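Now for the letters of each chain:
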Amino acid sequence: MKISDTLTGQKTDFKPLSDVVTMYVCGINPYADSHIGHAMSYIIFDVVRRYLEFRGYKVKHVENVTDVEDNIINHANRLGITVKELTTKYTQRYFEDMAALNILKPHFTPLATETIPEIVNMAKVLIDKGFAYAVGGNVYFRVKKLTDYGKLSKRNPEQMMAGTRIEAAEEKEDPMDFALWKEAKPGEPSWDSPWGKGRPGWHIECSAMSMKFLGEQIDIHGGGQDVVFPHHENEIAQSESYTGKKPFVKHWLHNGLLQLGSEKMSKSLGNLITIRDALKKYTPDGLRIFILSSYYRTPLTYTQEAMDAAQTGAERLQRTVAKESTGKGAPLDAKFYRDRFVEAMDDDFNTPQAIAALFDLARDINRAEEDGKAAGQARRTLIELGGVLGLTFKTRETAPLDLEPLQKLAVDISGKAKAAGIPVGAVSEDADGIMALLISVRKDLRKVKQFQLADEIRNGLTAIGITLEDTPQGTTWKKK
């Protein structure tokens, strides 16, 4: 296997530090629903992990949650809720989104707020070594103490000054110095420290969480290209200064950014499509094929035409998997396609070529069976290799539903039905339970000639992409 490394700019042989591959991926700042730009990054690193495991490696995967930082605090203040309320809600919704996309759970998902002792200790050690200094209740890292600062992003000091937010702080020794610990402001979450009450700086959180769960050196550190500088640059600076110049990361992997038109998709720009909205129209496999059909380090532009084509491709693979094998002649040998797949993925996770191998295999399975050949083993190979890319081969009907609008409809209808004298049970937490409740309530409403309210159920379901079909055997439902 060969993997590209952002630090060296080269593709090198993958040789892990130990018998367990350690992998840290920068996680979310949970203050709004995750968008498909997030999906792109986490699908890519999900495939990296899946392929390493397919190749026989044991992987220890950590992905953090940054549950305290400036944007979160500002957003919570605007909504008039606590930071904890905000982050708890959107962290849970993020986990639901990842499950809907068939993304493997990390082995550890630490919260920044649960890593305060490690963060404080790291800052103390950096002060003791002369790499950081305290002024009042703040602690800053001395950037000019390092001669190799900028080695990851390949930026000189002038470029770095132009490319980052320079916090206005008169007490800084140098404008480029970055915060390891921030003095508490009124109304902000804060924790005790040797410098008074405060909270962590953004960059130190990831270093502390990575070291807590994976040790001082790791094999793979992943994230989007938008966090190469300053975030990952600062992680290197503080981590290697803390450990005595031990190389922090062996392979830095950065995915290209998803663009909507000419701009990257981001919460701050407001030009985003949430994962939940995307899954109302496309299956998880459709999204994966769209993302993985492009080399992970290159930018990807979202268009409806490209997504529609990816969804069509996903459905073509699904039909091939779903067909029953009827051929009895000479079997189709799938080794050629497996070898192509492995060769592509061994070359820095070249998913476009790996997907091409899957589509060629699916095409030849269909042709073989038309000619009367047996293709059962080849179909099993297609399912196995597709699984390495996280494909489920599920149809639109079996893709996960967005529960939030379904639950909202059920609660609304339950209230109206009770007011009309119809007994209604509790609203379930899963789609099948909610649908069983709505179908039962609709049946009872029609019995007492409450047709308008019964039709409100059908219309409400239609609006969220679910159709009802009344048959002599009862009412069934399916996704449109």
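Above this text sits the structure in question.
This structure is a prediction, so every number in the text was calculated from the model and none was measured.

(A) Examining the overall build of the protein more closely. If you tally the helices and strands in the protein, you get 16 helices and 15 strands. Referenced to the eigenvectors of the C-alpha coordinate spread, the extents of the protein come out at roughly 80 × 65 × 40 Å. For the protein, buried positions account for 52% of its 480 residues. For the protein, long-range pairs separated by at least 24 residues make up 75% of all intrachain contacts whose partners lie at least 6 apart in sequence. Taken together, the 64 basic and 65 acidic charged side chains of the protein have centroids lying 4 Å from each other.

(B) Main features of the packing of helix α14 (residues 403-419) against helix α15 (residues 431-447). At a minimum axis separation of 10 Å, α14 and α15 run at an interaxial angle of 30°. As far as their axial angle goes, α15 and α14 are roughly parallel. Where α14 crosses over α15, the two elements pack in a sense that is left-handed. Contact with α14, carried on its side by L403, L406, Q407, L409, A410, I413, S414 and A417, involves A431, I434, M435, L437, L438 and V441 of α15 and no other residues of that element. Across the contact of α14 with α15, the residue classes tally to 12 nonpolar, two polar and no charged.

(C) Structural detail: the packing of aromatic side chains. Considering all chains together, one arrives at 16 aromatic pairs under this definition. Ring geometry for Y51 and F349: centres 6.4 Å apart, planes at 90°, overall edge-to-face. Separated by 298 residues along the polypeptide, Y51 in helix α1 (residues 36-54) and F349 in the loop between α11 (335-346) and α12 (351-370) bring together distant segments of the chain. Relative to F213, the ring of F108 has its centre 4.9 Å away and its plane inclined at 35°; by these criteria the two rings are tilted. Here the residue F108 occupies a position in the loop between α3 (83-100) and α4 (116-128), and F213 occupies one in helix α6 (residues 202-214), the gap between them amounting to 105 residues. A network of ring pairs unites the aromatic residues Y51, F54, Y295, Y296, F341 and F349 as a single cluster. In this structure, K145 is placed above the aromatic ring of F131, and the distance from its NZ or CZ to the ring centre is 5.8 Å.

(D) Region of interest: the pattern of salt bridges. Under the counting rule described, the total for this entry stands at 34 salt bridges. Among the ionic pairs, D470 bridges to R442, the shortest N-O distance being 3.0 Å. Linking D470 in strand β14 (residues 466-471) with R442 in helix α15, this pair joins segments that are 28 residues apart in sequence. Accessibility expressed as a relative area gives 37% for D470, which makes it partly exposed. Residues joined by salt bridges that share partners form a network here, namely R340, D360, R363, D364 and R367.

About the criteria used
- Residues numbered from 1 in each chain as written.
- Predicted model: local features only at pLDDT ≥ 70, side-chain atom pairs only at ≥ 80, totals over all residues.
- Heavy atoms only, no water.
- Helix = DSSP H or I, 4+ residues; strand = E, 2+ residues; numbered from the N terminus.
- Buried < 20%, exposed > 50% of the residue type's maximum accessible area, 1.4 Å probe, protein only.
- Contact = heavy atoms within 4.5 Å.
- Lys, Arg positive; Asp, Glu negative; His and termini not counted.
- Charge placed at Lys NZ, Arg CZ, Asp CG, Glu CD.
- Axes fitted to C-alpha atoms, helices over the stretch in contact; angles between N-to-C directions.
- Parallel < 35°, antiparallel > 145°, perpendicular 65-115°, else oblique.
- Left-handed = near helix turned anticlockwise from the far one by under 90°.
- Nonpolar A, V, L, I, M, F, W, Y, C, P; charged D, E, K, R; others polar.
- Phe/Tyr/Trp six-rings, centres within 6.5 Å; stacked < 30°, edge-to-face > 60°.
- Lys NZ or Arg CZ within 6 Å of the ring centre and 35° of its normal.
- Salt bridge = Lys/Arg side-chain N within 4 Å of Asp/Glu carboxyl O.

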